[in-house]
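So the chains spell out like this:
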Amino acid sequence: MRFMHSTFKSGLESDPMNPTAGESMVTTVVTATEKKKQIEQPKPERKPQRARPDEKFKIFSGTANPALADEICNHLAMPRAQANIARFSDGEIYVQLLENVRGGDVFVVQPTCDPVNEHIMELLMMMDALKRASARRITTVIPYYGYARQDRKDKPRAPISSKLVADLLTTAGANRALIVDLHAPQIQGFFNIPVDHLFASPVLVDEVRKLALPALTVVSPDAGGVERARFFAKKMDSALAIVDKRRVDMNVTEVLHVIGDVRGRTALILDDIIDTAGTLCKTADALMEAGAAKVYACATHAVLSGPAVERISKSRLEQVIVTNTIPLSTAARNEPKIVVRSIGGLIARAIQSIHEETSVSTLFS
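No experiment lies behind these values; they were computed from the predicted model shown.

## A short note on the sheet that holds strand β7 (residues 137–142)
The strands making up a sheet associate through backbone hydrogen bonding, with each pair oriented either parallel or antiparallel.
So, step 1. In space, the 5 strands of this open sheet follow the order β3-β6-β7-β8-β9, with parallel pairing throughout. Across the chains shown, the open sheet's two edge strands, defined by having one partner strand only, are β3 (57–61) and β9 (195–198). Between one strand axis and the next, the sheet turns by 15° as a mean value, whatever way the strands run.
So, step 2. Examined bridge by bridge, β7 and strand β8 (residues 176–180) share 4 bridges and lie parallel to one another. Residue pairing across strands places I142 opposite I179, the latter belonging to β8.
So, step 3. Taken strand by strand, helix α4 (residues 116–132) contacts β3, β6 (105–109) and β7, and its axis lies near 165° from that of β7.

Structure representation (structure tokens):
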């Protein structure tokens, strides 16, 4: 099959009896294949259109750390869902969701930091409201899990508070939990719902690598943190040391001795929580007395209660690296030894994986 296209170069009419007249018309013959190629010419590239927002995917936040929740939402390119959280004059908490959540996949971001009990109650009431508003799935995102250190009955007639909090969260309506760096991994077993346990190690490892510390030795401040320190040391391709300590009272510990050679080396103390910083500063002193050249520290949860900031300021520590699972006080933000790195991107990727039903463990592979 052929297509005929004629182009005239002059206004003269063609005459079969006049050879010169035929020369005034130029005829172009285009085959079907050539025509198809012209049709299939690539069109100008269109700009990618913004994906339609998923109206069933929502992230709420309590009052414990709204800045972290906003950062998570910014990573996911979505607005934070709105809720009204207020206090009555007698101290009771009032919660009202300001958005429709029926059939939604809802996440509630709330670290249970100081004031611990108020923030736990806020979280419980928000999940109860979501359950009664017919949310399809409720995932509680707890960057810092309060009461995690009360995970066993260490004295007669004492409660296992960590298990109690897990039961309260489940009863309130949580279908799933996303928690960052539990004090003890076995706390996951206290929940009767799926638990995704995130580790802050990717954030901390990146920051320590930037420091390029020479002759590095990763130090566990107690026997319970050896597994965490060993994993970190493997990532950093460094040596490992352990500090043997004995707890003589609540928030009071006594450092006994250092297991491992730190003489002339840079020591990095790795812990999950810095509370009053007593153990941290005593460990730094023990390492310096054992011959360490410099001592750094990093931890996931900067509780920093009581005299913690003052102790760190006066300590022999060079630098303390923490994440923003807990909002820092003004004094902590102004302390030059304390460096904060965000964990918002890691939590955002985990939330997206849960929402899309993909693997969370790939974040750490």
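## Concerning the pairing of β8
So, step 1. For β8, a buried count of 4 out of 5 residues is recorded, marking the element as mostly surrounded by other parts of the structure.
So, step 2. Where the polypeptide runs from β7 across helix α5 (residues 161–172) and back to β8, its parallel neighbour, the crossover connection is right-handed.
So, step 3. Bridge count between β8 and β9: 4 bridges; the pairing is parallel. Bridged to A177 within β9 is V195.

## A look at the packing of aromatic side chains
So, step 1. Under the defined criterion, the tally for this structure stands at 3 aromatic pairs.
So, step 2. Here F57 and F107 contribute two aromatic rings whose centre-to-centre distance is 5.7 Å and whose plane-to-plane angle is 75°, an arrangement assigned as edge-to-face. A residue pair is termed long-range when its members are at least 10 positions apart, and F57 in strand β3 and F107 in strand β6 qualify at 50 residues. Considered together, F57 and F107 belong to a single accessibility category, that of buried residues.
So, step 3. Ring geometry for Y145 against F191: centres 5.9 Å apart, planes inclined by 55°, an arrangement best described as tilted. Here the residue Y145 occupies a position in the loop between β7 and α5, and F191 occupies one in the loop between β8 and β9, the gap between them amounting to 46 residues.

## A closer look at the nonpolar core
So, step 1. Counting residues in hydrophobic clusters, the biggest one holds 40 residues, and the most contacted among them are I59, I72, F232, I347 and I351.
So, step 2. Per-element tally for this core: the top contributor is helix α11 (residues 344–355), with 6 residues.
So, step 3. Contact partners of I351, with chain neighbours within four places excluded, come to F57, I59, I72, L76, F107, V141 and L178.
So, step 4. Counting 34 residues, the second-largest nonpolar core is a separate cluster that includes F60, A135, A174 and V195.

## Here's the deal with the side chain of T300
So, step 1. Mapped onto the secondary structure, T300 falls in strand β14 (residues 294–302).
So, step 2. Within the structure, the side chain of T300 is placed 2.5 Å from the side chain of D181, a separation counted as a polar contact.
So, step 3. Contact partners of T300, with chain neighbours within four places excluded, come to V180, D181, A200, L204, D271, D272, T323 and T325.

Rules behind the numbers
Residues numbered from 1 in each chain as written. Predicted model: local features only at pLDDT ≥ 70, side-chain atom pairs only at ≥ 80, totals over all residues. Heavy atoms only, no water. Pairing = 2+ DSSP bridges. Helix = DSSP H or I, 4+ residues; strand = E, 2+ residues; numbered from the N terminus. Axes fitted to C-alpha atoms, helices over the stretch in contact; angles between N-to-C directions. Contact = heavy atoms within 4.5 Å. Buried < 20%, exposed > 50% of the residue type's maximum accessible area, 1.4 Å probe, protein only. Right-handed = clockwise from strand over helix to strand, strands pointing away. Phe/Tyr/Trp six-rings, centres within 6.5 Å; stacked < 30°, edge-to-face > 60°. Core = buried A, V, L, I, M, F, W, Y, C linked by side-chain atoms within 4.5 Å. Polar contact = N/O pair within 3.5 Å; in protein donor to acceptor, adjacent residues only side chain to side chain.

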